[in-house]
Amino acid sequence: MKKMKINTKKKLIFFGTLAVLLLVFSIFSEYLTPYDPYEQDLSIAKQAPSAEHLLGTDRYGRDMLSRVIIGSQASIYSTLILVAVITIIGTIIGIICGLSGKAVDVILMRISDIFLAFPGLVFALAIAGVLGGGIHNAIIALAAVSWPKFARLARSQTLAIKETAFIEASKLSGTGVFKMVFKHILPNIIGPILVTAVLDIGTMMMELAGLSFLGLGAKPPIAEWGSMMSDARSMLATAPWIVMAPGIAIFISVMIFNLLGDTLRDFADPKGR
Amino acid sequence: MDNILEVKNLNCIFNKGRKTQVNALKDVSFELKAGECLGIIGESGSGKSTSARIITRLVKASDGEVVIDGRSSSDISNKELYKIVQMVFQTPVESFNPRVKLGDGVGESLRNNGVSKSETKERVEKLLVECGLPKEYYDKYPHEVSGGECQRAAIARALANEPKILICDEATSSLDVTVQKEIIALLNGIREKRGSDISIMFISHDIALVQQFCDKVVVMNKGQVVEKGDANEIIMNSKEDYTKKLIASVL
């Protein structure tokens, strides 16, 4: 028990530090690029990785390392904002459904069913199409179709916890609804929601990239990992580093957030602490 | 002695699916006198807990009246009701939020009633000691203590607002025999100390325990009251067939 306690804490600190480093890195990415990520030089287009250009150059001769570094801003930030928005909205709606009586629950859940009935990305495409391109609209579009998952999760967790003896006991202590939600319900359901949210970062990163690829997300020349990858797909055979560089960047970020999510879940469980 | 609690013709119907209904309670009436201990016995599903949950408003009755301290329960606000009636649950550990310290759980009703933080702590520690726990347990989490200790804390929580009626819903059922005895001793101590200021409704399927602990007893079956009266009288020479069968199956 005690050994596990230390390990979980150490792991949490380790992955937490990595995630924070990644964030700090992306905040200061403008100052970390060795070259101007937007400067084109066709004379050095599609160069393989070398000492001068560590990750090679893309088809316009832009330095890939610089583009990957600057791309972290668009990729990581928009994904985090998106995930935060859908987690908060979904959780609020889910708790309202779980606690309130029949009518509200039925109405909100049928609405979420409608959203779940469509293939998410296609529906997001339609919304983004109506709103127009741009990373903000892409976030709004994806948020509009992604909240039901969290609403369902929060609702089922709330329903399960609502019937427990300690909720009834605290009702008998005269605890009001708000205090009940923030002191008794939220802390006990937030674990799985948080883990789902952190694990969702990868998916959302890819979906944002998908929208970018179709011209409905980040617009070129803005560097964004997903759109950089999609952009270079046709050159996978001839210049694989152009796809690999942002791909590995996504892989590393997703891994860090996934492992952080797992550790967070272990830590959030008081029995394992 | 006056009746502190009167349950009059209580009916409770649960909808089970669209067409089937379960009559959990049918015309249940019983009364609890001040300072008395009333045992409620019966097999699972006989409506013992449902009666308790209606009195504490965790379940709504379909029909009938609950009179508490001479006033109809419908005229009493939740806040006031929970100062008069408190309940100890069957599952001690589960009746505490795993993320909240025992002391904060015990003191929750005090805090909700506007008692200051420092005074709450003082009073909770006193309550814990009264219920046989060291006051250091204030800072323990529910999973760090045993079931019996948790039940002591639950009793402390129920006593925090000096209720007049304490409902023990199978409060000893999930504990082993020696711990059961300790809890009963604790409840006896509380009765001795508070005299007619506290009345206990003791729900149990342990008939021997009820005979030993309670003054009066109500026997329930299938949502109806089969028999009620003096505990010894009913358990030793009952008139109803169901009661005889129930007692024969245990003793």
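Since this is a predicted model, take the numbers as computed values, not measurements.

Some points on the overall build of chain A
Along chain A, the regular secondary structure elements total ten helices and zero strands. Counting from the amino terminus, helix and strand elements in chain A follow one another as α-α-α-α-α-α-α-α-α-α. A principal-axis box enclosing the C-alpha atoms of chain A has dimensions of 75 × 50 × 30 Å. Relative to its full complement of 273 residues, chain A shows a buried share of 46%. The contacts in chain A between residues at least 6 apart in sequence include a share of 72% that link residues at least 24 apart.

Comments concerning the overall build of chain B
Along chain B, the regular secondary structure elements total ten helices and ten strands. In terms of overall size, chain B behaves like a compact globule, its C-alpha atoms giving a radius of gyration of 18 Å where 251 residues would be expected to give roughly 18 Å. Across its three principal directions, the C-alpha atoms of chain B cover 55 × 40 × 40 Å. Sorting the 251 residues of chain B into buried and exposed places 52% on the buried side.

So, the packing of aromatic side chains
To describe a pair of aromatic rings, one takes the distance between the centres and the angle between the planes. Applying the stated criterion to the full structure yields five aromatic pairs over all chains. Relative to Trp147 of chain A, the ring of Phe115 of chain A has its centre 5.6 Å away and its plane inclined at 65°; by these criteria the two rings are edge-to-face. With Phe115 of chain A in helix α4 (residues 102-117) and Trp147 of chain A in helix α6 (residues 135-162), this residue pair connects regions lying 32 residues apart in the sequence. Assigned by exposure class, Phe115 of chain A and Trp147 of chain A land together as buried. Taken together, Phe115, Phe118, Phe123 and Trp147 of chain A form an aromatic cluster joined through their ring pairs. Looking at Lys140 of chain B, its charged tip hangs above the ring of Tyr137 of chain B, at a distance of 5.4 Å from the centre. Here Arg191 of chain B stacks its cationic end above the ring of Phe213 of chain B, 5.8 Å away from the centre of that ring.

Comments concerning the interface of chain B and chain A
Tallying the contact residues gives 21 residues for chain B and 19 residues for chain A. Counting the surface lost from both chain B and chain A, the interface buries some 1,900 Å², and carbon and sulfur atoms represent 55% of this. When the area that chain B buries against chain A is broken down by residue, the three leading residues are Asn97, Arg99 and Glu108 of chain B, summing to 32%. The interface formed by chain B and chain A holds one salt bridge in total.

Points about the pairing of strand β9 (residues 216-221) of chain B
Residue and element names in this part refer to chain B. For β9, a buried count of five out of six residues is recorded, marking the element as mostly surrounded by other parts of the structure. As judged from the four bridges shared by strand β3 (residues 37-41) and β9, these two strands associate in the parallel manner. The partner of Gly39 across the bridge, within β9, is Val217. By the bridge criterion, six bridges tie β9 to strand β10 (residues 224-230) in an arrangement that is antiparallel. In the sheet register, Met220 faces β10, and the bridge partner there is Val225.

Quick word on the pattern of salt bridges
Inspection of the entire model under this criterion finds 21 salt bridges over all chains. Two residues, Asp58 of chain A and Arg67 of chain A, come together in a salt bridge whose shortest N-O distance is 3.7 Å. For the pair Asp58 of chain A and Arg67 of chain A, a shared accessibility class is recorded, and that class is buried. For Asp200 of chain A, the salt bridge identified is with Lys149 of chain A, shortest N-O distance 2.7 Å. With Asp200 of chain A in helix α8 (residues 177-213) and Lys149 of chain A in helix α6, this pair connects stretches of sequence that are 51 residues apart. Asp200 of chain A gets classed as buried once you look at its relative accessible area, which sits at 4%. What emerges from the salt-bridge pattern is a single network uniting Glu130, Glu162, Lys193 and Arg194 of chain B.

Some details on the side chain of Asn188 of chain A
Along the polypeptide, Asn188 of chain A turns up in helix α8. Discounting chain neighbours no more than four positions away, the residues touching Asn188 of chain A are Ile161 and Phe166 of chain A together with Asn97, Pro98 and Arg99 of chain B.

What to know about unusual backbone geometry
Residues and elements named next belong to chain B. If you check the backbone angles, Asn9 has positive phi at about 45° while not being a glycine. In the Ramachandran plot, Arg57 falls in the positive-phi region, its phi being about 65° despite a non-glycine side chain. You can see Arg57 is positioned in the loop between α1 (48-55) and β4 (63-68).

Description of a nonpolar patch on the surface
Residues and elements named next belong to chain A. A cluster of nonpolar side chains, namely Val20, Val24, Phe25, Ile27, Phe28, Tyr31 and Leu32, defines an oily patch on the protein surface of about 670 Å² accessible area. Within the residue set of the nonpolar patch, elements represented by two or more residues are α1 (2-27) and α2 (29-32). Take the nonpolar patch: its biggest share by element is four residues, from α1. Assignment of secondary structure puts Tyr31 in helix α2.

A short note on the packing of α4 of chain A against α6 of chain A
Relative placement of two packed helices is described by the angle separating their axes and the distance separating the axes. All names here are of chain A. Two elements in contact, α4 and α6, have axes separated by 9 Å at closest approach and are oriented at 135°. With respect to α6, the axis of α4 lies oblique. Judged by the twist between their axes, the crossing of α4 over α6 is left-handed. Judged by residue contacts, Asp105, Met109, Arg110, Ile111, Ser112, Asp113, Phe115 and Leu116 of α4 engage Ala144, Val145, Trp147, Pro148, Ala151, Arg152 and Arg155 from α6. For the contact of α4 with α6, the residue count by class is nine nonpolar, one polar and five charged.

What to know about the layout of surface pockets
Estimated volume of the largest pocket: approximately 490 Å³. Along its surface, the largest pocket is lined by 16 residues, and Lys171 of chain A together with Arg57, Leu58, Val59 and Lys60 of chain B are the ones closest to its centre. For the lining of the largest pocket, the secondary structure elements donating two or more residues are β1 (3-16) and α2 (78-84) of chain B. The greatest single-element share of the lining of the largest pocket, amounting to four residues, is contributed by β1 of chain B. Approximately 320 Å³ is the volume found for the second largest pocket. Lining the second largest pocket are 13 residues, with Leu99, Lys162, Ile167, Lys171 and Met180 of chain A sitting closest to its centre. Partitioned by chemical class, the residues of the lining of the second largest pocket number six nonpolar, two polar and five charged.

Cut-offs used in this document
Residues numbered from 1 in each chain as written. Chains lettered and ligands numbered in written order. Predicted model: local features only at pLDDT ≥ 70, side-chain atom pairs only at ≥ 80, totals over all residues. Heavy atoms only, no water. Helix = DSSP H or I, 4+ residues; strand = E, 2+ residues; numbered from the N terminus. Buried < 20%, exposed > 50% of the residue type's maximum accessible area, 1.4 Å probe, protein only. Contact = heavy atoms within 4.5 Å. Rg over C-alpha atoms; globule rule 2.2 N^0.38 Å. Phe/Tyr/Trp six-rings, centres within 6.5 Å; stacked < 30°, edge-to-face > 60°. Lys NZ or Arg CZ within 6 Å of the ring centre and 35° of its normal. Buried area = accessible area lost by both parts, 1.4 Å probe. Salt bridge = Lys/Arg side-chain N within 4 Å of Asp/Glu carboxyl O. Pairing = 2+ DSSP bridges. Patch = residues over 30% accessible without salt bridge, like charges linked within 9 Å, V, L, I, M, F, W, Y side chains within 5 Å. Areas by Shrake-Rupley, 256 points an atom, 1.4 Å probe, with all protein chains shown as cover. Axes fitted to C-alpha atoms, helices over the stretch in contact; angles between N-to-C directions. Parallel < 35°, antiparallel > 145°, perpendicular 65-115°, else oblique. Left-handed = near helix turned anticlockwise from the far one by under 90°. Nonpolar A, V, L, I, M, F, W, Y, C, P; charged D, E, K, R; others polar. 1 Å grid on protein atoms, 1.4 Å probe; cavity = no way out; pocket = protein on both sides within 12 Å on 5 of 7 lines; lining within 4 Å. Points joined across faces, edges and corners; volume = space filled by probe spheres on them.

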